[in-house]
Amino acid sequence: MWRKGNKLYSIIARKCPHCHEGEFLVNRNPYALAQAGDLLPSCSVCHRKFEPEPGFYYGGMYVSYALAVALSVSMYVAVTVLAPDSTQTTRLVWVLSALVLSAPALYAWSKALWANLFIDYKGVERQPGEDAKWFA
Ligand SMILES: [Zn+2]
């Protein structure tokens, strides 16, 4: 499961959604906030573009929202189960802390997940009949 050709690999490792080899983001560290979520214009290995049209990654906001909700619910349930005597304020602090600390990573993963929803693995070599919009 954790190998090239699997979308989960491309999403978690933040690799090119086309070939799963080249880098997807300018900086691999999502906590380098000056470049957080910045995409490379194209893959350094297969040379396909990452943005088929302007505004393509606006949809990633919905993915980011879904990931944040999932994290919030998970954190709330975890604190409630592990510390049943905790107050609602304590639980809220835990949820907000998890959200703030994970926001850069969620942002990077949301873009990779959004790209992988629409871009299929093709390998490094250009495939016959492949759409020219992916090439600069
Ligand atoms: Zn590539």
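Report on the accompanying structure.

### A word on the overall build of the protein chain
- Looking only at helices and strands, the protein chain has three helices and zero strands in total.
- In the protein chain, the order of α-helices and β-strands from amino to carboxyl end is α-α-α.
- Along the first, second and third principal axes, the C-alpha set of the protein chain runs to 60 × 30 × 20 Å.
- Burial status across the protein chain gives 37% buried among its 136 residues.
- By element, 65% of the accessible surface of the protein chain is carried by carbon and sulfur atoms, the whole surface being about 8100 Å².

### Comments concerning the coordination of the zinc ion
- Ligation of the zinc ion by protein atoms is provided by Cys16 (SG), Cys19 (SG), Cys43 (SG) and Cys46 (SG), these donors lying 2.2 to 2.3 Å from the ion.
- Geometry at the zinc ion is tetrahedral, judged from the four donor atoms that bind it and their angles of 106 to 115° at the metal.
- Mapped onto the sequence, the residues coordinating the zinc ion show the spacing C-x2-C-x23-C-x2-C. Placement of the pair is Cys19 in the loop between α1 (7–13) and α2 (60–82) and Cys46 in the loop between α1 and α2, with a sequence separation of 27 residues.
- Since its relative accessible area comes to 0%, Cys19 is described here as buried.
- Its relative accessible area of 6% is what places Cys46 among the buried residues.

### Remarks on α2
- Here α2 is 23 residues long and its end C-alpha atoms lie 32 Å apart, about the 33 Å a rise of 1.5 Å per residue gives.
- If you check which residues of α2 are buried, you get Gly60, Val63, Ser72 and Val79.
- Those residues of α2 that are buried lie in contact with α3 (88–118).

### A short note on the side chain of Ser110
- Mapped onto the elements, Ser110 comes out in helix α3.
- For Ser110, the contacting residues outside a window of four places in its chain are Gly60, Val63, Ser64 and Leu67.

### As for the packing of aromatic side chains
- Scanning all chains against the criterion turns up six aromatic pairs.
- Here Phe56 and Phe118 contribute two aromatic rings whose centre-to-centre distance is 5.7 Å and whose plane-to-plane angle is 75°, an arrangement assigned as edge-to-face. With Phe56 in the loop between α1 and α2 and Phe118 in helix α3, the pair connects residues that are 62 residues apart, well separated along the chain.
- Assessed through its relative accessible area of 12%, Phe56 is described here as buried.
- Looking at Phe118, the relative accessible area reads 48%, which means it is partly exposed.
- Through a chain of ring-to-ring contacts, three or more aromatic side chains come together here, namely Phe24, Phe50, Phe56, Tyr57, Trp114 and Phe118.
- Sitting over the ring of Phe135, Arg126 keeps its end group 3.9 Å from the ring centre.

The rules behind each value
Sequence order as written defines the numbering, with residues in each chain counted from 1. For a predicted model such as this one, the threshold for reporting local features is a pLDDT of at least 70, and the threshold for listing and counting side-chain atom pairs is 80 or more; totals across whole chains, interfaces and linings nevertheless cover every residue. Hydrogen atoms and water are omitted, and side-chain values are computed over all heavy atoms in the structure. Only DSSP runs of H or I covering at least 4 residues are called helices, and only runs of E covering at least 2 are called strands; the numbering of each starts at the N terminus. Buried, partly exposed and exposed residues are distinguished by accessible area as a fraction of the type maximum, computed with a 1.4 Å probe on protein chains only: under 20%, between the cut-offs, and over 50%, respectively. Areas reported as accessible are Shrake-Rupley estimates using a 1.4 Å probe. Residue values count occlusion only from the protein chains shown. In this description, a donor is an N, O or S atom within 2.8 Å of the metal centre, a cutoff extended to 3.2 Å for sodium, potassium and calcium. Water is not part of the atom list, which can make sites seem incomplete. Every angle between 85 and 135 degrees makes a four-donor site tetrahedral, while opposite donors more than 155 degrees apart, with all other angles between 65 and 115, make a four-donor site square planar and a six-donor site octahedral; other sites are irregular. In this scheme, a helix's expected span is set at 1.5 Å multiplied by one less than its residue total. Should any heavy atoms of two residues lie within 4.5 Å, those residues are counted as being in contact. Each aromatic pair joins two rings of Phe, Tyr and Trp (for Trp, the six-membered one) with centres within 6.5 Å, and gets the label stacked for planes under 30 degrees apart, edge-to-face for over 60, and tilted for any other angle. Here, over-ring charges are defined by two tests on the NZ atom of lysine or the CZ atom of arginine: distance to the ring centre within 6 Å, and angle to the ring normal within 35 degrees.

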